[in-house]
Amino acid sequence: MAEAILQLTDLRKNFGALKATDGVSLDLRAGEIHALIGPNGAGKSTLIHQISGSLTPDGGSIRFLGQDMAGLDMAARARRGLGRSFQISSLAPEFTALRNVMLAVQARQGSSFRFLRPVASDKSLTDPAMAMLERVGLENRANVPAAELSHGERRQLEVAIALALGPKAFLLDEPMAGLGPDGSKRLTGFLDALRHEAPILLVEHDMDAVFALADRISVLVYGRVIATGTVDEIRANPEVRRAYLGDTA
Amino acid sequence: MAVSRETIANGVLALLLLVVPLLAAASGETFYITLATRIVILALAALGLNIALGLGGLVSFGHAAFFGLGGYVAGILATHAFNGEAVLFGLPATTSMPVIWLVAVLLCGLVALPIGVISLRTSGVYFIMITLAFAQMIYYFAVSWPDYGGEDGLSLYVRNTFPGVNTTQPLPYFLICLGVLATAVCLFWLLRGSRFGAALEAARQNTTRLSAVGIAPFRIKLVAFVISAMVTGLAGALFADLNRFVSPSMLSWQMSGELIVLIILGGKGRLFGPIAGAMVYVMFEYALGDITERWQLFLGLVLLGVVLFARGGLLGLVAGRARHG
Ligand SMILES: Nc1ncnc2c1ncn2[C@@H]1O[C@H](COP(=O)(O)OP(=O)(O)OP(=O)(O)O)[C@@H](O)[C@H]1O
Ligand SMILES: [Mg+2]
């Protein structure tokens, strides 16, 4: 069995009386896509937020590459190799697509406390950023401000930024949402290959994509993981069918 | 590459700022040189604030603290030098502008650091209020400290000196100030285009995004705040020398507000925004100030127009929307 890159143990998060994360334990192993599925409001995004550091868990632990993430803020976790995309696109809206990716390239290269050299003509930033845009198929939109991109294009840009960080694990929160059938198909093929660069914790509602991609699936309902297993195991699991798949699968 | 309309507008402003005082000097109208110097210094103060406010989105309502501190550095050092006394711990006083500038810039940086560390834990309206509160503390400190004039302020007997220049003459002093402003404009341009500038502008637009790529927004904003305070402090030192007078009014919240107004008028985050803003402001003050004490009412109307109809400021009106290549 491959070693766990990311390990969640008994993670807990309450919003008032609501148990948004209720004792979640799961892991992400090298080379795999681990899909996290579950109905709306199950707590999938809340889980991603805790891993990436934008929410603090009430209990439990998160270990990434053997290191406890407690006390590290979002930026520190990103520097250690957690690359995330957001369910609701979170970009610098006035920057062009290219400059959004350049920011990630710059962060990966190290210090941002450089005050004189212009970034616009810095090939060590523009070339890798352009390469990432090409990988997600946005190269023709490189000079369009993020605010003017279509919804689907913004999703692609999110992925390009995560790629540019060269992360050791990807946390992708519904990257397919709003992409349309062609876009989803394209991204599915893309993620299929991406797992060999770094494992992916994939939150996704698109079941075709999940069943096509996932090495393992965890099903989250009311903050609890009710099942973890291979695609076939999950499809066959009666509890999952009842709670989530609606018995139609 | 085509020259953008903003670049042309900037060129026109730069030319005006140089040519008008030269013409005034040629025709002996020294008053206009003083007016132009006032524009240049206020523009420099606002350019400093523009780093925090325009680039970083940090609406500091306390930048008068740094403007005033810079002014008091010039006033206090000059007073002690005039009396032939040491300043502190036997350190000699001086009337040399470059030394005074250095002290003003360093002091403002030192003061801005803790203010920034505390204020930047908040954002939005709380940030505005905390920066205001710090500035008010410094204001009341100056008012209640009798050694340096308290409420009445402090006069400089003669303008401080600059190697090889007769600073008591209006034109040479104007040119010194213009040189400082030109340098600051170049540095602002470099900073905005640099990696730091990219991170700072990203912090303004979306701090979550900046964190998600692994850049901690706090440190970026803090450094911007400190640099911003240093530039405004330098302007304060020049302002004291222009008027040969410093008083707590340089530290007042009205002054902080004035600096914000200059930026909004000219265009937030724009290279020449503070210059355009200062020109309009000082011209209003001059043209209407004699006619009515309520000239600020008319300025208020212009400001209202700009905020409602030209969010990019007056420069945005001529140059169109800002582009981020
Ligand atoms: N900051 C918050 N404060 C209070 N409640 C919250 C907060 N964030 C999320 N919740 C609640 O926690 C629950 C889990 O939300 P979460 O966004 O994690 O669900 P999700 O599984 O990602 O759903 P979706 O599929 O719709 O994206 C929901 O009931 C939501 O209303
Ligand atoms: Mg969600």
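Each chain has its residues counted from 1, running along the sequence as written. Key to labels: chains lettered from A, ligands numbered from 1, both in the order written. Since the coordinates come from a predicted model, pLDDT governs what is reported: local features require at least 70, and pairs of side-chain atoms require 80 or more to be given and counted, while whole-chain, interface and lining totals use all residues. Note that the side-chain values use all heavy atoms of the structure and ignore hydrogens as well as water.

## Details of the interface of chain B and chain A
It is common to report an interface's size as the accessible area lost on association of the parts.
Here comes step 1: Two residues qualify as a contact provided that any one of their heavy atoms is within 4.5 Å of a heavy atom in the partner residue. Taken residue by residue, the interface counts 30 residues in chain B and 37 residues in chain A.
Here comes step 2: When two components associate, each loses some accessible surface as probed by a 1.4 Å sphere; the sum of these losses over both components is called the buried area. The junction of chain B with chain A conceals about 3000 Å² of combined surface from both sides, 59% of it contributed by carbon and sulfur atoms.
Here comes step 3: Salt bridges are defined by distance alone: a side-chain nitrogen of Lys or Arg within 4 Å of a carboxyl oxygen of Asp or Glu. Counting the contacts that link chain B with chain A gives three salt bridges.
Here comes step 4: Across the pair E94(A) and R204(B) runs a salt bridge whose closest N-O atoms are separated by 2.6 Å.
Here comes step 5: Think of a polar contact as two N or O atoms within 3.5 Å of one another; within protein, one of them needs to be a possible hydrogen donor and the other a possible acceptor, and neighboring residues in sequence only count if both atoms come from side chains. Counting every contact that joins chain B to chain A gives 18 residue pairs in polar contact (both at pLDDT 80 or more).
Here comes step 6: Elements represented by at least two residues in the side of chain B that touches chain A include exactly helix 6 (170-193), helix 7 (195-205), helix 8 (207-212) and helix 9 (217-243) of chain B.
Here comes step 7: When residues of the side of chain B that touches chain A are assigned to their parent elements, the largest contribution, eight residues, is made by helix 7 of chain B.
Here comes step 8: Note on residue categories: nonpolar means Ala, Val, Leu, Ile, Met, Phe, Trp, Tyr, Cys or Pro, charged means Asp, Glu, Lys or Arg, and polar means any other residue, Gly included. For the side of chain B that touches chain A, the class distribution of residues is 14 nonpolar, nine polar and seven charged. We count a stretch as a helix when DSSP gives it H or I for four or more residues in a row; a strand needs E for two or more, and each element gets its number in order from the N terminus.

## What about the domain arrangement of chain A?
All names here are of chain A.
Here comes step 1: Per the domain assignment, the segments of chain A are domain 1 (1-81 + 167-249) and domain 2 (92-165).
Here comes step 2: Spacing between the C-alpha centres of domain 1 and domain 2 amounts to 26 Å.
Here comes step 3: Listed as interface residues are 12 residues of domain 1 and, on the opposing side, 11 residues of domain 2.
Here comes step 4: Contact between domain 1 and domain 2 buries roughly 1000 Å² in total, counting both sides, with carbon and sulfur atoms accounting for 61%. Segmentation into domains, and thus their bounds, comes from an automatic or database assignment.

## Topic: the coordination of the magnesium ion (ligand 2)
Tetrahedral coordination by four donors sets the ideal angle at the metal to 109.5 degrees; octahedral coordination by six donors sets it to 90 or 180 degrees.
Residues and elements named next belong to chain A.
Here comes step 1: Ligating atoms shown are N, O and S within 2.8 Å of the metal, or 3.2 Å for Na, K and Ca, and water is not included, meaning a site may look less than complete. For the magnesium ion (ligand 2), the protein coordination sphere consists of S45 (OG) and Q87 (OE1), at 1.9 to 2.1 Å. Within this pair, whereas S45 is found in helix 1 (residues 44-52), its partner Q87 is found in the loop between strand 6 (82-85) and helix 3 (97-109), the two being separated by 42 residues in sequence.
Here comes step 2: Using a relative accessible area of 18% as the deciding quantity, one classes S45 as buried. Only protein chains enter the accessibility calculation, which uses a 1.4 Å probe; a residue is then buried when its area is under 20% of its type maximum, exposed when over 50%, and partly exposed in between.

## A short note on the pattern of salt bridges
All names here are of chain B.
Here comes step 1: One pass over the structure, following the stated rule, counts 18 salt bridges over all chains.
Here comes step 2: A salt bridge links E285 to R38, with the shortest nitrogen-to-oxygen separation between them at 2.9 Å. Taken together, the residues span a long stretch of sequence, with E285 in helix 11 (residues 273-289) and R38 in helix 2 (residues 30-55) at a distance of 247 residues.
Here comes step 3: Given a relative accessible area of 22%, E285 falls into the partly exposed group.

## A look at the packing of helix 4 (residues 123-136) of chain A against helix 6 (residues 180-194) of chain A
All names here are of chain A.
Here comes step 1: Throughout, an axis means a line fitted to C-alpha atoms (over the contacting stretch in the case of helices), and angles, computed between N-to-C directions, take values from 0 to 180 degrees. The geometry of helix 4 relative to helix 6 is characterised by a closest axis approach of 10 Å and an angle of 120° between their N-to-C directions. Judged on the interaxial angle alone, helix 6 and helix 4 are oblique. Here E134, R135 and V136 of helix 4 lie close against helix 6, whose contacting residues are R186, F190 and L194.
Here comes step 2: Counted by class, the contact of helix 4 with helix 6 contains three nonpolar, no polar and three charged residues. Each angle gets one of four labels, with under 35 degrees taken as roughly parallel, over 145 as roughly antiparallel, 65 to 115 as roughly perpendicular, and the rest as oblique.

## Regarding a nonpolar patch on the surface
Residues and elements named next belong to chain B.
Here comes step 1: Patches were defined on residues exceeding 30% relative accessible area and lacking a salt bridge, with like-charge contacts within 9 Å and nonpolar side-chain contacts (Val, Leu, Ile, Met, Phe, Trp, Tyr) within 5 Å. Under the convention used here, a 1.4 Å probe and the Shrake-Rupley method define accessible areas, while residue burial counts only the protein chains that appear. Where nonpolar side chains cluster on the molecular surface, the patch consists of L15, L18, V19, L22, L23 and L175 and spans about 510 Å² of accessible area.
Here comes step 2: Along the chain, L18 falls in helix 1 (residues 5-26).
Here comes step 3: Looking at L18, the relative accessible area reads 34%, which means it is partly exposed.

## Let's talk about the state of the cysteines
All names here are of chain B.
Here comes step 1: Disulfides are defined as pairs of cysteine sulfur atoms found within 2.5 Å of each other. Considering all chains together, one arrives at zero disulfides over all chains under this definition.
Here comes step 2: Considering cysteine sulfurs only, C177 is the nearest to C108, which forms no disulfide, with 16 Å between them.
Here comes step 3: Owing to a relative accessible area of 0%, C108 belongs among the buried residues under this scheme.
Here comes step 4: Residue C186 stays outside any disulfide, its sulfur separated by 16 Å from that of C177, the closest cysteine.

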